[in-house]
Amino acid sequence: MLSTCVNMKIQAIDTKAYIGEQEFGSGILSISEQNLFWKNGNGKNICLNYPSIALHAISKDLNAFPHECLYIITDRPIEITDGNVELKDEENDSEDSDEITPLRFVPEDKSLLNPIFKAINECQALYPDEEMSGESDESEGEDQDIDENQFFDSSSDLNEIKLSDQGLETLRRLNINYQSEKNADLIENEKQYEDAEN
């Protein structure tokens, strides 16, 4: 049975959800003006309010993940409680916690990825960032020139990306994590090379 959320934008049945690399189940992804909601028949669900979505994109890089998907980063670490994905409270989140676990949604019908992405864009616009609300109309016009389908990765120049402070901080943390993993792999490869020589 499909969700009966108010002001529904789009729904995608047979959509697999992933927490990081781990499959969470297959269910219905609903995009309404109130929130992003995923639920399956086993009682598992994921509910995200739009202000908590720090970054979302369509990922088609099959080298990074084996399925084309909707890729989402939240503004706080996630936790799983009784089969429900929730965001940790800010006061309970340790100051040195840099763990970022992406959420991925893989609809059976891949043609829905673009409509889902655009629906999230439209819904997020209903909840403007408070830090951005005081800016001039001129700056708002500049923001509209940004390509909504642009995908940011570790090679992007963070100083040239026009995002909120929260979004930029998320990208910086992602870049740091990526570089740390890359350096760790490089060190491991060097060790294996030295062992082979010996």
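Residues numbered from 1 in each chain as written. Predicted model: local features only at pLDDT ≥ 70, side-chain atom pairs only at ≥ 80, totals over all residues. Heavy atoms only, no water.

*Asks:* How do you make sense of unusual backbone geometry when you look at a structure like this?
*Replies:* Phi is mostly negative for residues that are not glycine, and the peptide bonds are mostly trans. Even without a glycine there, the phi angle at Asp14 is positive, about 50 degrees. Residue position: Asp14 is located in strand β1 (residues 8-19). In this structure Asp14 comes out as partly exposed when scored by relative accessible area, which is 44%. Look at Asp82: it is not a glycine, yet its phi comes out positive at around 55 degrees. (Helix = DSSP H or I, 4+ residues; strand = E, 2+ residues; numbered from the N terminus. Buried < 20%, exposed > 50% of the residue type's maximum accessible area, 1.4 Å probe, protein only.)

*Asks:* How should I be thinking about the pattern of salt bridges in this particular structure?
*Replies:* Side-chain pairs of opposite charge can arise whenever the charged atoms involved come near each other. Going through the model one piece at a time under the given rule, you end up with 3 salt bridges. Among the ionic pairs, Glu122 bridges to Lys9, the shortest N-O distance being 3.5 Å. You can see Glu122 sitting in helix α1 (residues 113-124) and its partner Lys9 sitting in strand β1, a full 113 residues away along the chain. Lys9 sits in the partly exposed class, given a relative accessible area of 39%. For the salt bridge of Arg104 with Glu21, the shortest nitrogen-to-oxygen distance reads 3.6 Å. (Salt bridge = Lys/Arg side-chain N within 4 Å of Asp/Glu carboxyl O.)

*Asks:* Is there a simple way to think about the pairing of strand β2 (residues 22-32) in this case?
*Replies:* Counting buried residues in β2 gives 8 out of 11 residues, a clear majority hidden from the surface. One ladder, built from 9 bridges, connects β1 with β2; its direction is antiparallel. Residue Met8 lies in a different strand from β2, and its bridge partner there is Ser32. Hairpin connection, β1 to β2: the antiparallel pair is bridged by 2 residues, and Gly20 has positive phi, about 65 degrees. Looking at chain direction, β2 and strand β3 (residues 36-39) are connected through 4 bridges and run antiparallel. Directly across from Ile31, in β3, lies its bridge partner Leu36. (Pairing = 2+ DSSP bridges.)

*Asks:* Sorry if this is basic, but what is going on with the pairing of strand β5 (residues 53-59) here?
*Replies:* On any regular strand, side chains alternate: one points to one face of the sheet, the next to the other face. Most of β5 is tucked away, with 7 of its 7 residues classed as buried. Strand direction decides the pairing type here: β5 and strand β6 (residues 69-74), joined by 6 bridges, are antiparallel. Paired with Leu55 across the strands is Ile73, a residue of β6.

*Asks:* Would you explain the environment of Ala17 in this entry?
*Replies:* One can find Ala17 in strand β1. Given a relative accessible area of 0%, Ala17 falls into the buried group. Placed 90 residues apart in sequence, Ala17 and Pro107 show a C-alpha to C-alpha distance of 8.7 Å. When sequence neighbours within four positions are dropped, the list of residues in contact with Ala17 reads Gln22, Glu23, Phe24, Gly25, Trp38, Ile46, Arg104 and Phe105. (Contact = heavy atoms within 4.5 Å.)

*Asks:* Looking at this structure, I do not really get the nonpolar core. What am I missing?
*Replies:* General note: in soluble globular proteins, nonpolar side chains tend to be found buried as a group. Core analysis: the biggest nonpolar cluster contains 27 residues, and Leu29, Ile31, Leu36, Ile46, Leu70 and Phe105 have the highest contact counts within it. Top contributing element to this core by residue count: α1, with 6 residues. Residues within four places of Ile31 in sequence aside, it is in contact with Met8, Lys9, Ile10, Leu36, Tyr50, Ile116, Ala119, Ile120 and Cys123. (Core = buried A, V, L, I, M, F, W, Y, C linked by side-chain atoms within 4.5 Å.)

*Asks:* Whenever I open this one, the packing of aromatic side chains confuses me. Can you help?
*Replies:* Each aromatic ring pair is specified by the distance between its two centres and by the angle formed by the two planes. According to the stated counting rule, one finds 3 aromatic pairs in the structure shown. Pairing Phe24 with Trp38 gives two aromatic rings, centres 5.7 Å apart and planes at 45 degrees, and the pair type is tilted. Of the two residues, Phe24 is situated in strand β2 and Trp38 in strand β3; the sequence distance between them amounts to 14 residues. Taken individually, Phe24 and Trp38 each receive the classification buried, so the pair is uniform in this respect. Taking NZ or CZ as reference, Lys44 lies 4.8 Å from the ring centre of Phe24, over its face. The lysine or arginine in question, Arg104, covers the ring of Phe65, its NZ or CZ lying 4.4 Å from the ring centre. (Phe/Tyr/Trp six-rings, centres within 6.5 Å; stacked < 30°, edge-to-face > 60°. Lys NZ or Arg CZ within 6 Å of the ring centre and 35° of its normal.)

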